[in-house]
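Chain residues, written in single-letter form:
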Amino acid sequence: QVQLVESGGGLVQAGGSVRLSCAASGLTFSNYTMGWFRQAPGKGREFVGAISWGGGSATHYADFVKGRFTISRENAKNMVYLQMNSLKPEDTAVYYCAASEVPFTVLDRAFTYWGQGTQVAVSS
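Our subject in this report is the structure included herewith. These numbers come from a predicted model, not from an experiment.

A short note on the overall build of the protein chain
From N to C terminus, the protein chain includes 0 helices and 11 strands. Computed over the C-alpha atoms, the radius of gyration of the protein chain is 13 Å, within 12% of the 14 Å expected from 2.2 N^0.38 for a compact globule of 124 residues. In terms of overall dimensions, the protein chain has a C-alpha envelope of 40 × 30 × 25 Å along the principal axes. Every one of the 124 residues in the protein chain was classed for burial, and the buried ones make up 42%. Sequence-distant contacts, at least 24 apart, represent 57% of the contacts inside the protein chain between residues at least 6 apart. For the protein chain, the accessible area works out to roughly 6,200 Å², and carbon and sulfur atoms hold 48% of it. Within the protein chain, one finds 10 positive and 8 negative side-chain charges whose respective centroids are separated by 3 Å.

If you want it as C-alpha cells, here you go:
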C-alpha cells in the first residue's frame, strides 16, 4: 500500500547540481520522518539526510554533506526533495528515499518503507 518513488537522478558533471524528488503514497505523509540514503556499487547503504515530521521540520545531515545538500518536504503534496549542489564523483550512487514512524531518526533500521532508488552519476 505504501509506495515511495524517487526521480530526478541522472548524469552530471562534478560541481553541478541535481534535485531528487520522492513521491509518497499510501501513508499519512505528515506523520512520517523522511530520509535520504545512498548506496554505491560494492558499498553498504549510508545515511544522507532526514527531515522530521514534527512541526519544526528539523533536519540532520551526514558529515560528508558539508552544506552541499538540502532536504525539504512539501506535506501538502506528499513530496520530499534532496537538492544536491557542488557534486563530487564520490557522490555517485543510487539514492533512496525512506519513511519512518519515529518522530525523528537518522538510523536506517528505523525506516520502515523504502523506494526503489534513482541513480546519480557524477563525472569528473
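Side note on the state of the cysteines
For the coordinates displayed, the defined rule picks out 1 disulfide. The disulfide bridge from Cys22 ends at Cys97, spanning 1.9 Å between sulfur atoms. In this structure, the disulfide formed by Cys22 and Cys97 twists by about 50 degrees around the S-S bond and is classed as right-handed. Residue Cys22 is found in strand 3 (residues 18–25), and its partner Cys97 is found in strand 9 (residues 93–100); the two are separated by 75 residues along the sequence. Grouping residues by exposure puts Cys22 and Cys97 together as buried.

Comments concerning the packing of aromatic side chains
Going through the model one piece at a time under the given rule, you end up with 5 aromatic pairs. Centre to centre, the rings of Phe37 and Trp114 are 4.8 Å apart; their planes meet at 50 degrees, and the pair counts as tilted. Pair noted here: Phe37 is in strand 4 (residues 33–39) and Trp114 is in strand 10 (residues 113–114), with a separation of 77 residues, a long-range link. Through a chain of ring-to-ring contacts, the aromatic side chains of Phe37, Phe47, Phe111 and Trp114 assemble into a single cluster. Directly above the ring of Tyr81 sits Arg19, whose terminal nitrogen or CZ lies 4.0 Å from the centroid. When the ring centre of Phe29 is taken as origin, the NZ or CZ atom of Arg73, which lies over that ring, is 4.5 Å away.

Things to note about the sheet that holds strand 8 (residues 79–84)
Strand order in the open sheet formed by 4 strands is 1-3-8-7, with antiparallel pairing between adjacent strands. Looking at which strands have only one partner, the edges of the open sheet turn out to be strand 1 (3–7) and strand 7 (69–74). Averaged over all pairs of adjacent strands, the angle between their axes in this sheet comes to 15 degrees, without regard to strand direction. One ladder, built from 6 bridges, connects strand 3 with strand 8; its direction is antiparallel. Residue pairing for strand 8: Arg19 is matched across the bridge by Gln83.

Quick notes on the rules
Residues numbered from 1 in each chain as written. Predicted model: local features only at pLDDT ≥ 70, side-chain atom pairs only at ≥ 80, totals over all residues. Heavy atoms only, no water. Helix = DSSP H or I, 4+ residues; strand = E, 2+ residues; numbered from the N terminus. Rg over C-alpha atoms; globule rule 2.2 N^0.38 Å. Buried < 20%, exposed > 50% of the residue type's maximum accessible area, 1.4 Å probe, protein only. Contact = heavy atoms within 4.5 Å. Areas by Shrake-Rupley, 256 points an atom, 1.4 Å probe, with all protein chains shown as cover. Lys, Arg positive; Asp, Glu negative; His and termini not counted. Charge placed at Lys NZ, Arg CZ, Asp CG, Glu CD. Disulfide = S-S within 2.5 Å. Phe/Tyr/Trp six-rings, centres within 6.5 Å; stacked < 30°, edge-to-face > 60°. Lys NZ or Arg CZ within 6 Å of the ring centre and 35° of its normal. Pairing = 2+ DSSP bridges. Axes fitted to C-alpha atoms, helices over the stretch in contact; angles between N-to-C directions.

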